[in-house]
Amino acid sequence: MLLAAGFGTRLKPLTDSVPKALIKMNGVPMIEMVIRRLADYGINEIVVNTHYLSEQVEKYFAVNNFGVKIFLLHEDEILGTGGGIKNAESLLKDSGAFIVHNVDVLSEINFEELEKFHFQNSALASLAVKRRYTKRPLIVDSAGNVIGRESPEKSFRYRKPEGAESLVGFCGIHIISSSIFKNFTETGFFDIFTAYFRLISQNKKILAYDAGNSPWKDIGTIDKYIQST
């Protein structure tokens, strides 16, 4: 699933008239770069949620499919990352597990290794992370459990750590077991981390997959976009 419904506020003024998914990097729309990476991995069905300037995304996919089946899922009201995933239940519930990928992230993170990690550890969700600076890092323990998050205002911990703690940055890429849909209690608009942190407090396995030195870029802000072009 590609998360492409957002307003792209951090990319203004580029997104004043173009949805974030269709902003071009070196002449290629962001969403195309991600789809080609997923297709190379072997993904042949992709759900794309839409909301802001959705008609442009619809027109784009009317003439582009890149050899994969695209399911466009329009949100009449923006649902957030968690609400967007929950809204796709009918398309994803029988998958066993599915990748969720932010559309404004470019990486060479190894999907095969992420998938292997996820299933070997019987995780409910496995989040690709890197040891990098971010204002709101995740807190993980020595066993790889995500246990909370730091913010400039406060630290939030939702379970006791197993061993030492460390801080990591989420990469906007996760693999989620389809059983997540049985675990959602949230409704309407919500962030996926709202659900993750609630589930962590219930001792569900939300794990951090260390992406190591794999090249990775967040191009979701105007400054980072300019630096990358």
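Data block above holds the structure.
Residues numbered from 1 in each chain as written. Predicted model: local features only at pLDDT ≥ 70, side-chain atom pairs only at ≥ 80, totals over all residues. Heavy atoms only, no water.

Caption draft 1: Quick peek at the overall build of the protein. Counting secondary structure elements, the protein contains eight helices and 14 strands. The globule rule puts the C-alpha radius of gyration for 229 residues at 17 Å, and the 17 Å found for the protein is close to it. Dimensions of the protein along its principal axes, counting C-alpha atoms only, are 50 × 40 × 30 Å. Counting only residues that meet the buried cut, the protein has 51% of its 229 residues in that class. Long-range contacts, defined as pairs at least 24 residues apart, comprise 72% of the intrachain contacts of the protein with a sequence gap of at least 6. As displayed, the protein has an accessible area near 11,100 Å², and 49% of this comes from carbon and sulfur atoms. Taking the average location of the 27 positive side-chain charges in the protein and that of its 26 negative ones, the two points are 4 Å from each other. (Helix = DSSP H or I, 4+ residues; strand = E, 2+ residues; numbered from the N terminus. Rg over C-alpha atoms; globule rule 2.2 N^0.38 Å. Buried < 20%, exposed > 50% of the residue type's maximum accessible area, 1.4 Å probe, protein only. Contact = heavy atoms within 4.5 Å. Areas by Shrake-Rupley, 256 points an atom, 1.4 Å probe, with all protein chains shown as cover. Lys, Arg positive; Asp, Glu negative; His and termini not counted. Charge placed at Lys NZ, Arg CZ, Asp CG, Glu CD.)

Caption draft 2: Representation of helix α7 (residues 192-201) within the structure. In terms of burial, α7 is largely enclosed, as eight of its ten residues are buried. Within the sequence span of α7, burial applies to Ile-192, Phe-193, Ala-195, Tyr-196, Phe-197, Arg-198, Leu-199 and Ile-200. One side-chain oxygen of the residue at the start of α7 lies 2.7 Å from the amide nitrogen of Phe-193, identifying that residue as Asp-191. Phi turns positive, to about 65 degrees, at Asn-203, one or two residues after α7. (Polar contact = N/O pair within 3.5 Å; in protein donor to acceptor, adjacent residues only side chain to side chain.)

Caption draft 3: Inspection of the pairing of strand β12 (residues 165-177) at higher detail. Of all 13 residues in β12, ten are buried; the element is thus mostly enclosed. Of the pairings in the sheet, the one linking strand β8 (residues 125-130) to β12 comprises five bridges and is antiparallel in character. Of the residues in β12, the one forming a bridge with Leu-127 is His-174. Alignment of strand β9 (residues 138-141) against β12, held across four bridges, turns out to be antiparallel. (Pairing = 2+ DSSP bridges.)

Caption draft 4: Geometry of the packing of aromatic side chains. One pass over the structure, following the stated rule, counts twelve aromatic pairs. Taking 5.7 Å as the distance between ring centres and 20 degrees as the angle between the ring planes, the aromatic pair formed by Phe-98 and Phe-181 counts as stacked. Residue Phe-98 is located in strand β6 (residues 97-102), and its partner Phe-181 is located in helix α6 (residues 180-183); the two are separated by 83 residues in the primary sequence. Among the residues examined, Phe-181 registers a relative accessible area of 8% and is labelled buried. What links up through ring pairs into an aromatic cluster is the set Tyr-158, Phe-170, Phe-193, Tyr-196 and Phe-197. Directly above the ring of Phe-193 sits Arg-149, whose terminal nitrogen or CZ lies 4.6 Å from the centroid. (Phe/Tyr/Trp six-rings, centres within 6.5 Å; stacked < 30°, edge-to-face > 60°. Lys NZ or Arg CZ within 6 Å of the ring centre and 35° of its normal.)

Caption draft 5: Layout of the pattern of salt bridges. Here the structure, examined in full by the defined rule, presents eleven salt bridges. Here Arg-159 and Glu-162 are joined by a salt bridge, their closest N and O atoms 2.9 Å apart. Given a relative accessible area of 19%, Arg-159 falls into the buried group. Judged by relative accessible area, Glu-162 falls into the partly exposed class, the value being 42%. A salt bridge links Glu-186 to Arg-198; the shortest N-O distance between them is 2.6 Å. With Glu-186 in the loop between α6 and α7 and Arg-198 in helix α7, the pair connects residues that are twelve residues apart, well separated along the chain. Note on accessibility: Glu-186 and Arg-198 belong to one class, buried. In the salt-bridge network here, residues are joined through shared partners; they are Arg-10, Lys-20 and Asp-104. (Salt bridge = Lys/Arg side-chain N within 4 Å of Asp/Glu carboxyl O.)

Caption draft 6: The nonpolar core, seen in detail. Counting residues in each nonpolar core, the largest one holds 36 residues, and the members touching the most others are Leu-2, Ile-31, Ile-35, Phe-61, Ile-109 and Ile-173. Secondary-structure elements contributing two or more residues to this core are α1 (30-41), β4 (45-50), α2 (54-62), β6, β7 (105-107), α5 (111-120) and β12. Take this core: its biggest share by element is five residues, from α1. (Core = buried A, V, L, I, M, F, W, Y, C linked by side-chain atoms within 4.5 Å.)

Caption draft 7: Spatial organisation of the side chain of Ser-54. Along the chain, the position of Ser-54 falls in helix α2. Among the polar contacts listed, one links the side chain of Ser-54 to the side chain of His-74, at a separation of 3.5 Å.

That's the geometry; what it means functionally is another story.
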